There are 2 protein chains.
Amino acid sequence: MIENLPPNTVERLSNYRRKLLSYPFQEKPFIHSHRLAHLLKINPAHVRRDLMLIGFTGDVHKGYEIEKLIIEIGKAIDCQHKRKVAFIGIGDLGRAVAEAFNHDDSKLEVAATFRLTAEPEIQFQNVHCYNVSKMKQIIRQKKIDLAVIALPNADVDEITKLIVDAGVKGILNFTSAHLKVPETVFVENYDMMSKLEKLSYFTNE
Amino acid sequence: MIENLPPNTVERLSNYRRKLLSYPFQEKPFIHSHRLAHLLKINPAHVRRDLMLIGFTGDVHKGYEIEKLIIEIGKAIDCQHKRKVAFIGIGDLGRAVAEAFNHDDSKLEVAATFRLTAEPEIQFQNVHCYNVSKMKQIIRQKKIDLAVIALPNADVDEITKLIVDAGVKGILNFTSAHLKVPETVFVENYDMMSKLEKLSYFTNE
DNA sequence: AACTATCTGTTAACTAATTCACAATAAATT
DNA sequence: AATTTATTGTGAATTAGTTAACAGATAGTT
């Protein structure tokens, strides 16, 4: 892991990697900054700068060696160990996010899912789905430290307190609530309605 | 509509409104900038600056009158007419986003949904779900100009071309593809995996 | 009536993010 | 061998976003 990368750079590196993994690098093992930038609809200088930040250098003429680049991005942004993720709420949204995981061979692993309804405890994609009452215990036991909250906005404060107590250090929050967490916990909010209203605003001829 | 608001301000205004709508303003009709900021976990100066940008003024002691503020935010960021939105892909993710709509009385209306599988044409939450083959025709006919793409990444380029030709001016893109659109079309990308990888990076003790 | 406390509105300072622009380099071409 | 062309790596400039700071205002208090 390379320390102190800017947040947006980390996100872009993740995007570069995903894009490159689906790029035919067996046939074309090198890529230029402007080509990659074009694929991602961003500025070529951005690509070069981001790669500079992780100390990856390309060939002045051939460009960047894709296979090596994928590995170096991993060294820069992945953890050594697999991170375990809990999914809280496994309705449409929770399932959608969890499915995205399974198509992706990342260092992140769905370790447990939880839901509010008591009955019954089901399996979801080979992962056990517990009732939230067991959340604290399971998160502690399995040493889970990331969580995705994808619940209709009920009782989110209570749930947040629980999982933070149990050791969760990062939360991807799909509810429109604004979570109360200690400073040590990193929260990434995503509110679909505000994205849509933004879209509406910026497309008004 | 107030022109030239910064993108982040538009998003925050949308958040203020939603938060205020669920605030007991019948009993407490006024709110201070620091109180609203606290609820949203942001800086009070931010709230004041955003409201300044839409020309809304508060009372030096009582604060901002919530009911009026909600209306003024509407005037600032909503369109006059209802905007029609098409949902393309109505799997777990598409349904989740569409559901979020129905709990929200915004100026945005789900006008049609589309899916890849041919059979049968179903109803989803009182909205007809068509096969994508009819997309261009329906979007034109119903004068839809916003779209949410929530598909597993197949053929997204082709679909994008189709809907842009049909008149769509804004796209909320949940696929990890980077859409090829003319400059006049506004695209908002949301890639869950990169958000999660960012979370993982910034919570690595 | 003077004083205190507090909040808005706004300017200014600051920080982060993006983009420009170009030296350095080396392959390809003349 | 000289010239052209194209690309990286990076400092500098620019733009966007956030936060600090405070004048001005006014209710409440002494």
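Keep in mind that what you see is a predicted model, and the values were worked out from it rather than measured. (Residues numbered from 1 in each chain as written. Chains lettered and ligands numbered in written order. Predicted model: local features only at pLDDT ≥ 70, side-chain atom pairs only at ≥ 80, totals over all residues. Heavy atoms only, no water.)

*Asks:* I'd like a rundown of the environment of Glu3 of chain A, residues and numbers included.
*Replies:* Of note, Glu3 of chain A is situated in the segment before helix 1 (7-21). Between the C-alpha atom of Glu3 of chain A and that of Gly167 of chain A, which follows or precedes it by 164 residues, the distance is 22 Å. (Helix = DSSP H or I, 4+ residues; strand = E, 2+ residues; numbered from the N terminus.)

*Asks:* Can you lay out the domain arrangement of chain A for me, pointing to particular residues and giving the numbers?
*Replies:* Annotation of chain A at the domain level lists domain 1 (7-77) and domain 2 (83-194). For domain 1 of chain A and domain 2 of chain A, the distance between their C-alpha centroids amounts to 31 Å. (Domains from an automatic or database assignment.)

*Asks:* For the pattern of salt bridges, give the residues involved together with the corresponding values.
*Replies:* Residue and element names in this part refer to chain B. In this structure the tally under the stated criterion is 32 salt bridges over all chains. As a salt-bridge pair, Lys180 and Asp157 come within 2.9 Å of each other at their nearest N and O atoms. With Lys180 in the loop between strand 8 (170-173) and strand 9 (186-189) and Asp157 in helix 7 (residues 156-166), this pair connects stretches of sequence that are 23 residues apart. Here Asp157 falls in the partly exposed class, since its relative accessible area comes to 39%. (Salt bridge = Lys/Arg side-chain N within 4 Å of Asp/Glu carboxyl O. Buried < 20%, exposed > 50% of the residue type's maximum accessible area, 1.4 Å probe, protein only.)

*Asks:* Run through the relation of the copies chain B and chain A, naming residues and quoting values.
*Replies:* The second copy of the chain is related to the first by a rotation about an axis and a shift along the axis. For the pair chain B and chain A, the best superposition has an RMSD of 0.1 Å and corresponds to a rotation of 180 degrees with a translation of 0.0 Å parallel to the axis. In the structure described here, the two chain copies are related by an operation that fits a two-fold rotation axis. Residue Asp92 of chain B, judged by its C-alpha, is the member of chain B lying nearest the rotation axis, at 2.3 Å. Mapped onto chain A, 100% of the interface residues of chain B are again interface residues, and the two copies thus contact each other with one and the same surface. (Least-squares fit on C-alpha atoms with pLDDT ≥ 70 in both. Contact = heavy atoms within 4.5 Å.)

*Asks:* Requested: an account of the protein's contact with DNA strand D, with residues and values cited.
*Replies:* Lining the immediate environment of DNA strand D, one finds 23 residues, of which Ser33, Thr57, Gly58 and Tyr64 of chain A together with His61 of chain B sit closest. Atoms of DNA strand D within 4 Å of the protein belong to the sugar or the phosphate in 65% of instances, the rest to bases. Contact distances for DNA strand D include 2.8 Å between a base oxygen and a side-chain N or O atom of His61 of chain B. Only helix 2 (33-40) and helix 3 (44-53) of chain A together with helix 1 (7-21) and helix 3 (44-53) of chain B provide two or more residues apiece to the surface near DNA strand D. Per element, the largest residue contribution to the surface near DNA strand D is 4 residues, and it comes from helix 3 of chain B. Looking at the surface near DNA strand D residue by residue, the class counts come to 6 nonpolar, 11 polar and 6 charged. (Near = heavy atom within 4 Å. Polar contact = N/O pair within 3.5 Å; in protein donor to acceptor, adjacent residues only side chain to side chain. Nonpolar A, V, L, I, M, F, W, Y, C, P; charged D, E, K, R; others polar.)

*Asks:* How would you summarise the interface of chain B and chain A if you had to cite specific residues and measurements?
*Replies:* If you look at the interface, chain B gives 64 residues, while chain A gives 64 residues. In total, about 5700 Å² of surface goes out of reach between chain B and chain A, with carbon and sulfur atoms giving 63% of it. When the buried area of chain B at its contact with chain A is split by residue, His178, Glu197 and Tyr201 of chain B rank highest and sum to 13% of it. Here chain B and chain A share 14 salt bridges between them. (Buried area = accessible area lost by both parts, 1.4 Å probe.)

*Asks:* An account of unusual backbone geometry is needed here, citing residue identities and associated values.
*Replies:* One non-glycine residue, Lys143 of chain A, lies in positive phi territory at about 55 degrees. Locating Lys143 of chain A in the fold gives a position in the loop between helix 6 (135-142) and strand 7 (146-149). Even without glycine at this site, Asn4 of chain B takes up a positive phi of about 60 degrees. Within the secondary structure layout, Asn4 of chain B lies in the segment before helix 1.

*Asks:* Which residues make up the nonpolar core, and what values go with them?
*Replies:* Among the nonpolar cores identified, the biggest contains 46 residues, and Phe174 of chain A together with Phe87 and Phe174 of chain B are the most heavily contacted of them. Beyond its immediate stretch of four places on either side in the chain, Phe87 of chain B contacts Gly94, Val97, Ala98, Phe101, Val110, Ala112, Thr113, Phe114 and Val148 of chain B. (Core = buried A, V, L, I, M, F, W, Y, C linked by side-chain atoms within 4.5 Å.)

*Asks:* Explain the sheet that holds strand 6 (residues 127-131) of chain A residue by residue, including any values.
*Replies:* Each strand in a sheet pairs with its neighbour through backbone hydrogen bonds, running either in the same direction (parallel) or in the opposite one (antiparallel). Residues and elements named next belong to chain A. Ordered in space as 5-6-4-3-7-8-9, the 7 strands form an open sheet in which the pairing is mixed. Unpaired on one side and paired on the other, strand 5 (122-124) and strand 9 (186-189) mark the two borders of the sheet. Recorded for the sheet is a direction-independent mean angle of 25 degrees between the axes of neighbouring strands. As defined by bridge partners, strand 8 (residues 170-173) adjoins strand 9 across 4 bridges and the pair is classed as parallel. Paired with Asn173 across the bridge in strand 9 is Asn189. Docked against the sheet, helix 5 (residues 92-102) engages strand 3 (83-88), strand 4 (108-115), strand 5 and strand 7, running at close to 160 degrees with respect to strand 3. (Pairing = 2+ DSSP bridges. Axes fitted to C-alpha atoms, helices over the stretch in contact; angles between N-to-C directions.)

*Asks:* Outline the side chain of Ser194 of chain A, listing residues and values.
*Replies:* You can see Ser194 of chain A is positioned in helix 8 (residues 192-202). Within the structure, Ser194 of chain A has its side chain in polar contact with the backbone oxygen of Asp191 of chain A (distance 3.1 Å).

*Asks:* Lay out the protein's contact with DNA strand C in plain terms, naming residues and giving numbers.
*Replies:* Residues in close proximity to DNA strand C total 25 residues, the closest being Arg12 of chain A together with Ser33, Arg49, Thr57 and Gly58 of chain B. Atoms of DNA strand C within 4 Å of the protein: sugar and phosphate make up 65%, bases the balance. The contact in question runs from a phosphate oxygen of DNA strand C to an N or O atom on the backbone of Gly58 of chain B, over 2.5 Å. Sort the elements by how many residues they give to the surface near DNA strand C and helix 3 of chain A lands first, with 4 residues. When grouped by side-chain class, the residues that make up the surface near DNA strand C number 8 nonpolar, 11 polar and 6 charged.

*Asks:* Explain helix 3 of chain A residue by residue, including any values.
*Replies:* One turn of an α-helix holds 3.6 residues; hence residues three or four places apart share an orientation. All names here are of chain A. Taken as a whole, helix 3 has its buried residues at Val47, Asp50 and Leu51. Taken around the axis of helix 3, the buried residues stretch over an arc of 95 degrees, which confines them to a single face. At its buried positions, helix 3 is contacted by helix 1, helix 2, strand 2 (64-65) and helix 4 (66-77). Measuring from the backbone nitrogen of Ala45 back to the side-chain oxygen at the start of helix 3 gives 2.8 Å, which picks out Asn43 as the cap. Phi turns positive, to about 70 degrees, at Gly55, one or two residues after helix 3. (Arc of directions from axis to C-beta.)

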